[in-house]
Amino acid sequence: MSVAKQLYQLQEVDLELESNEQSLKQKASQLGESPEVVRVRIELSSQRQHLEELKRQQLSAEWEIDDLTSKITTLEQKLYGGSISNPKELTNLQHEIDGLKVRRDQLEDKALEIIDQVELAEVRVVTVSDELKRLEAEWRHQQQSLTIDIEQLKATLSDLEQKRRLILVNIDPHVVNLYQELRRQKGTAVAKVDQGMCRGCQISLPTSELQQARSGNLVRCSSCGRILFLA
Ligand SMILES: [Zn+2]
C-alpha cells in the first residue's frame with residue numbers, strides 16, 4: 001500500500017475520531033440536572049406556599065367570623081333578654097351589634113374571595129405538578145438514552161484508537177510528523193486527486209506531479225502543500 005493511501009486512511013480515522021469526540025462532548029454536557037425541571041420544581045414549591053398562605057387566611061377569616069357571631073349572639077341575648085331597660089343603653093347596644101354585623105359582612109365577603117383564590121391556587125398546583133411529572137419523566141428518558149449513546153460513542157472511539165495504532169505502526173514517523181503538522185495547519189493533510197485536480201485546493205495539477213503521485217511516491221500539491229492521494 002502506498003504511503004499516501006495509508007495517510008489517507010489515517011486521516012479518515014482521525015476525522016472520524018474528531019467527530020465522535022465532539023458528539024461525546026456534546027452529549028456529556030447534556031448529562032445532569034435539567035434547568036427546566038429545576039425551574040418548574042421551584043415554581044411548584046412557590047405555588048404550594050401561596051396555597052398554604054391562602055388557606056391560613058381563609059381559616060383566620062373564618063375564626064374571626066365565628067368570633068363575631070358569638071359576640072353578636074351574646075349581645076342580642078342581652079338586648080332582648082329584658083335585663084336592660086335604659087333606652088340609651090339599649091340604643092348603644094343596638095349600635096354595637098350593628099357595627100359588629102357590618103364587620104362580619106365584610107369578613108364574609110373577604111372569606112368568599114379567599115375561597116375563590118384557594119380554588120384557583122389548587123388548580124394551579126395540580127397543573128404545575130402534572131407538568132413537573134411530565135418533564136421529569138421526559139428528562140429521565142433523555143438521560144437514559146444519553147447514557148446509552150455515550151457508552152456507544154466510547155466503544156466506537158476505542159475501536160478507532162485501535163485502528164489508528166495499527167495504521168501508524170506501518171508509517172515512517174517523519175511522515176507522520178509531516179501529516180500532523182499539515183493537519184494542524186490546514187485541517188486536512190491528505191487531498192484526493194480527482195480528474196487531475198487537487199481536491200484540497202481545487203487546482204489542476206501539473207502532469208509531472210500527477211505522474212509522481214501515480215507511481216506511489218509521496219508528492220505534495222505545489223499549490224496548497226497537502227499530500228496527494230490518487231485513489
Ligand atoms: Zn492542493
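Residues numbered from 1 in each chain as written. Predicted model: local features only at pLDDT ≥ 70, side-chain atom pairs only at ≥ 80, totals over all residues. Heavy atoms only, no water.

### Notes on the coordination of the zinc ion
Around a metal, the perfect tetrahedron of four donors has angles of 109.5 degrees, and the perfect octahedron of six donors has angles of 90 or 180 degrees.
So, step 1. All of the protein donors around the zinc ion are Cys-198 (SG), Cys-201 (SG), Cys-221 (SG) and Cys-224 (SG); their distances to the metal are 2.3 to 2.4 Å.
So, step 2. Note that the zinc ion binds four donor atoms; their angles at the metal cover 106 to 112°, and the shape is tetrahedral.
So, step 3. As a motif over one chain, the donors of the zinc ion read C-x2-C-x19-C-x2-C. Taken as a pair, Cys-198 in strand 2 (residues 197–198) and Cys-224 in the loop between helix 5 (207–214) and strand 4 (227–229) lie far apart in primary sequence, 26 residues in all. Across the pair, Cys-224 and Cys-198 agree in class, each one buried. (Donors = N, O, S within 2.8 Å, 3.2 Å for Na, K, Ca; no water. Tetrahedral: all angles 85-135°; square planar, octahedral: opposite > 155°, others 65-115°. Helix = DSSP H or I, 4+ residues; strand = E, 2+ residues; numbered from the N terminus. Buried < 20%, exposed > 50% of the residue type's maximum accessible area, 1.4 Å probe, protein only.)

### Some thoughts on the pattern of salt bridges
So, step 1. Going through the model one piece at a time under the given rule, you end up with 14 salt bridges.
So, step 2. Between Asp-14 and Arg-164 there is a salt bridge; the shortest N-O distance is 2.5 Å. Taken together, the positions of Asp-14 in helix 1 (residues 3–29) and Arg-164 in helix 3 (residues 87–169) put the pair 150 residues apart, joining distant regions of the chain.
So, step 3. The class of Arg-164 is buried, set by a relative accessible area of 16%.
So, step 4. We note a salt bridge from Lys-27 to Asp-149, for which the minimum N-O separation is 3.1 Å. In this pair, Lys-27 sits in helix 1 while Asp-149 sits in helix 3, placing the two residues 122 residues apart along the sequence.
So, step 5. On the basis of relative accessible area, Lys-27 is assigned to the partly exposed category, the value being 23%.
So, step 6. One network of salt bridges, in which partners are shared, links Glu-33, Arg-41 and Glu-136. (Salt bridge = Lys/Arg side-chain N within 4 Å of Asp/Glu carboxyl O.)

### Focus: the packing of helix 1 against helix 4 (residues 173–186)
So, step 1. Where helix 1 meets helix 4, the closest approach of the two axes is 11 Å, and the angle between their N-to-C directions is 45°. Here helix 4 runs oblique to helix 1, going by the angle between their axes. Here helix 1 and helix 4 pass one another in a crossing that is right-handed. Between helix 1 and helix 4, the contacting residues are Val-3, Leu-7, Leu-10, Gln-11, Asp-14, Leu-15 and Glu-18 on the first element and Val-175, Tyr-179 and Arg-183 on the second.
So, step 2. For the contact of helix 1 with helix 4, a count of residues per class yields six nonpolar, one polar and three charged. (Axes fitted to C-alpha atoms, helices over the stretch in contact; angles between N-to-C directions. Parallel < 35°, antiparallel > 145°, perpendicular 65-115°, else oblique. Left-handed = near helix turned anticlockwise from the far one by under 90°. Contact = heavy atoms within 4.5 Å. Nonpolar A, V, L, I, M, F, W, Y, C, P; charged D, E, K, R; others polar.)

### Description of unusual backbone geometry
So, step 1. One non-glycine residue, Gln-195, lies in positive phi territory at about 50°.
So, step 2. By the secondary structure assignment, Gln-195 is in the loop between strand 1 (190–194) and strand 2.
So, step 3. The class of Gln-195 is exposed, set by a relative accessible area of 74%.
So, step 4. Backbone geometry places Gln-202, a non-glycine residue, at a positive phi of 65°.
So, step 5. Within the secondary structure layout, Gln-202 lies in the loop between strand 2 and strand 3 (203–204).
So, step 6. Residue Gln-202 is classed as partly exposed on the basis of its relative accessible area, which comes to 43%.

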